[in-house]
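So you can see what is in the structure, the chains are spelled out below.
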Amino acid sequence: MRRMLCLVLLLCLLLTGCGAQKTDTAALSLWCAADDPLLPALREAAESYNQSRKSGALPVAIREFEDAAALTNALNTTRPDLLLCSHTLAFSLSDRGLTTDAGLALSYPEGIHARADGIGRSVFPVGSRVQLLVSREEVPADLAALCALAAQSGGPFLAADSYTDLLCQAVLGSGEFHADREKDCFNEAFREVWNALAEAAFSGGIAAGEVSALSLLEGGLPAAYVYSDSLAAGLPAGCTLTTPDTGGLPRLADLRCLAVMAREGRPQQSAAAFLHWLFSGERPARLALEAGLIPVLPGGEGADALRSLLLKLRDDPLFFADGGSDYVKNRAAFEQEFRSVLDLLK
């Protein structure tokens, strides 16, 4: 009886091991956050690739996490073959030697190529998310002038997807932005923008609740700073796009990247096959434009106002914050605090 029990247990272990191995190698794993701006376009691309992939190449299986924090936490226990994330994470992984050379050698603009050792080999930037100014009437592109207009409006006039990013953009030419009022208050550029927004809020011209800037626009708000990817489905009726004035400074951007993390023994050839397909010809530029991002690589057509503007912005200098900066570490908490301050000023 004991011998029979041992044989049954051994059989179960063998079957379990075989099943786990089959599951582990049946597809190329690609992790991403559910709210990543590139996810919808990349999901369609993966489906197209899976239908047309060559014999022997594994299909791509996308696993979505609740948000970027959940995605980052999962990396502490295991690694996917491919990772879709912000440059703040991708560059850090590359610098720490946690990415894998995919056997490709894509050429990127020098400003991006110099940011991490693995650019074009283990880290593949696709497109940049920026805030754009959307309005129902002609408004100034300068933030201070727009705040003055909002202060005179007599009612809710202006909103933003990220007030933190507006403040960071203003401080770029005069020192580090800490996303910490006690530290940033010594910066004159920070004080000017803070005071301009506060005055507009005190006059009732700022909408700073939990509702998205795009939803407020759709509800009739005159103007808002909206993340470009939020406009991928189209502009609200009666609205036009304006490029926010940066005063000659680089434009703050969040660069979305694919990082290769396939370890030895994993299907690295399948990862290379997918990346070779994904980054062929104008596909990466079209992918970025479809997601409402500024393309990194050449190609793409300005089929509408948003895509035309994104292609124009590709020639402008962009600023990519370091993943270890105070701005990146503190921005979520600072955004919540700042919105609370604006609400109290009403």
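Criteria and thresholds
Along each chain, residues carry numbers from 1 onward, in the same order as the chain's sequence is written. pLDDT decides what is reported in this predicted model: residues at 70 or higher carry local features, side-chain atom pairs at 80 or more are listed and counted, and totals for whole chains, interfaces and linings draw on all residues regardless. Hydrogens and water molecules were not included; the side-chain quantities draw on all heavy atoms of the structure. Only protein chains enter the accessibility calculation, which uses a 1.4 Å probe. A residue is then buried if its area is under 20% of the maximum for its type, exposed if over 50%, and partly exposed in between. A helix here means a DSSP run of H or I that spans at least four residues, while a strand means a run of E at least two residues long, and both kinds are numbered starting from the N terminus. The nonpolar core is taken to be a set of buried Ala, Val, Leu, Ile, Met, Phe, Trp, Tyr and Cys residues, with the residues joined through side-chain atoms within 4.5 Å. Throughout, a residue-residue contact means that at least one pair of heavy atoms, one from each residue, lies within 4.5 Å. For every residue, the predictor reports its confidence as pLDDT, a number between 0 and 100. To estimate the expected span of a helix, count its residues, drop one, and scale the result by 1.5 Å. Nitrogen and oxygen atoms within 3.5 Å of one another constitute a polar contact, given that in protein one can donate a hydrogen and the other can accept it, and given that sequence-neighbouring residues count only through two side-chain atoms. The pairing criterion for strands is at least two bridges between them, as found by DSSP. Fitted lines through C-alpha atoms serve as axes, helices being fitted only where they are in contact, and the angles separating the N-to-C directions of these axes extend from 0 to 180 degrees.

A. Expanded view of helix H7 (residues 163-171). Here H7 lies mainly inside the structure; eight of its nine residues are buried. When H7 is considered as a whole, its buried residues turn out to be Tyr 163, Thr 164, Asp 165, Leu 166, Leu 167, Cys 168, Gln 169 and Val 171.

B. Broad picture of the nonpolar core. Counting residues in hydrophobic clusters, the biggest one holds 110 residues, and the most contacted among them are Leu 83, Tyr 163 and Phe 274. Non-local contacts of Phe 274, meaning those with residues more than four positions away in its chain, are made with Leu 28, Leu 30, Leu 42, Ala 46, Tyr 49, Val 60 and Leu 82.

C. Seen up close, the confidence of the model for the protein. Averaged over all residues, the pLDDT of the protein is 90; the fraction at 70 or higher stands at 92%. Ignoring residues within four places in sequence, the model shows residues 1-24, a span with pLDDT below 50, making one contact including any to other chains.

D. Quick peek at helix H9 (residues 188-202). If you check H9, its first and last C-alpha atoms are 21 Å apart, about what 15 residues at 1.5 Å a residue would give, namely 21 Å. Turning to H9, its buried residues number three or more, namely Ala 189, Phe 190, Val 193, Trp 194, Ala 196, Leu 197, Ala 198, Ala 200 and Ala 201. Residues of H9 that are buried sit in contact with helix H6 (143-151), H7, helix H8 (181-184) and helix H14 (326-345). Regarding H9, its N-cap is Asn 187, as a side-chain oxygen of that residue lies 2.9 Å from the backbone nitrogen of Ala 189 further along. Just beyond H9, the residue with positive phi is Gly 204, at close to 85 degrees.

E. A look at the sheet that holds strand E6 (residues 158-160). On the basis of which strands lie adjacent, the open sheet formed by four strands has the order E6-E7-E5-E8 and mixed pairing. Either end of the sheet is taken by a strand with one partner, and the two such strands are E6 and strand E8 (240-242). Strand-to-strand twist in this sheet, taken as the mean axis angle between neighbours without regard to direction, amounts to 30 degrees. As paired strands, strand E5 (residues 131-135) and strand E7 (residues 223-227) are joined by five bridges and run antiparallel to one another. In the strand pairing of E7, Leu 132 is matched with Val 226. Contacts from H6 reach E5, E6 and E7, with the element oriented near 135 degrees to E6. Packed on one face of the sheet, H7 meets E5, E6 and E7 and runs near 90 degrees to E6.

F. Structural context of the environment of Arg 331. Relative to the helices and strands, Arg 331 is located in helix H14. For Arg 331, a relative accessible area of 29% translates into the label partly exposed. When the C-alpha atoms of Arg 331 and Gly 97 are compared, they prove to be 27 Å apart, with 234 residues separating the residues in sequence. With residues near it in sequence (within four places) discarded, Arg 331 still touches Thr 164, Ala 179 and Asp 326.

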